[in-house]
Amino acid sequence: MEAHRQFVSQTQDSPPAGAARDGATFALTNATGTILCVSPAFERLTGYPRHEIVGRKLRIAPGSETAGGARTGIVRDFRKDGTPYQVFATITPVRDASG
């Protein structure tokens, strides 16, 4: 649990190393779907700056489940300005040593 707290405190202000470089669009959430960190590309896609989106719930439409609990499917949502967008996403659980 302490490792989780440290990771969250390290990522709330900035995405993990390399995220800004490679242009990956991602949101890092906890087990309940609360957003902990987003990449700069996620901010551009949604129109929400990091400080407005961290702490909100990420809404995910049902998709197909793959090995290891990963899910794939279409995510439909709205940008901050109200325009709709959709992306094909892969959602993968990241677990610590305790599961």
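Residues numbered from 1 in each chain as written. Predicted model: local features only at pLDDT ≥ 70, side-chain atom pairs only at ≥ 80, totals over all residues. Heavy atoms only, no water.

Trainee: Before we move on, could you go through the overall build of the chain and cite the residues and values that matter?
Mentor: Counting its secondary structure elements, the chain contains four helices and five strands. Counting from the amino terminus, the chain carries its helices and strands in the arrangement α-α-β-β-α-α-β-β-β. The proportion of buried residues among the 99 residues of the chain is 25%. Sequence separation of 24 or more characterises 26% of the internal contacts of the chain that already satisfy a separation of 6 or more. (Helix = DSSP H or I, 4+ residues; strand = E, 2+ residues; numbered from the N terminus. Buried < 20%, exposed > 50% of the residue type's maximum accessible area, 1.4 Å probe, protein only. Contact = heavy atoms within 4.5 Å.)

Trainee: Tell me about the pattern of salt bridges, and please be specific about residues and values.
Mentor: If you walk through the whole model with that rule in mind, you get two salt bridges. In this structure, the salt-bridge partner of arginine 50 is glutamate 43, at a minimum N-O distance of 3.4 Å. Classification of arginine 50 by relative accessible area gives buried; the value is 16%. Put simply, glutamate 52 and lysine 80 hold a salt bridge, and the shortest N to O gap is 2.7 Å. In this pair, glutamate 52 is assigned in helix 4 (residues 50-53) and lysine 80 in the loop between strand 4 (71-78) and strand 5 (84-91), connecting sequence segments 28 residues apart. (Salt bridge = Lys/Arg side-chain N within 4 Å of Asp/Glu carboxyl O.)

Trainee: Account for the environment of serine 39, with residues named and values stated.
Mentor: Mapping serine 39 onto the fold places it in the loop between strand 2 (35-38) and helix 3 (40-46). When the C-alpha atoms of serine 39 and alanine 27 are compared, they prove to be 6.5 Å apart, with twelve residues separating the residues in sequence.

Trainee: Run through the environment of isoleucine 53, naming residues and quoting values.
Mentor: By the element assignment, isoleucine 53 lies in helix 4. On the basis of relative accessible area, isoleucine 53 is assigned to the buried category, the value being 8%. Through-space distance from the C-alpha of isoleucine 53 to that of alanine 27 is 9.6 Å; in sequence the pair is 26 residues apart. Residues within four places of isoleucine 53 in sequence aside, it is in contact with Ile35, Val38, Phe42 and Tyr48.

Trainee: How would you summarise the confidence of the model for the chain if you had to cite specific residues and measurements?
Mentor: The share of residues in the chain with pLDDT of 70 or more is 68%, and the mean pLDDT across the chain is 76. Ranking the helices and strands of the chain by mean pLDDT puts helix 4 first, with 92, and helix 1 (residues 2-11) last, with 49. (pLDDT = per-residue confidence, 0-100.)

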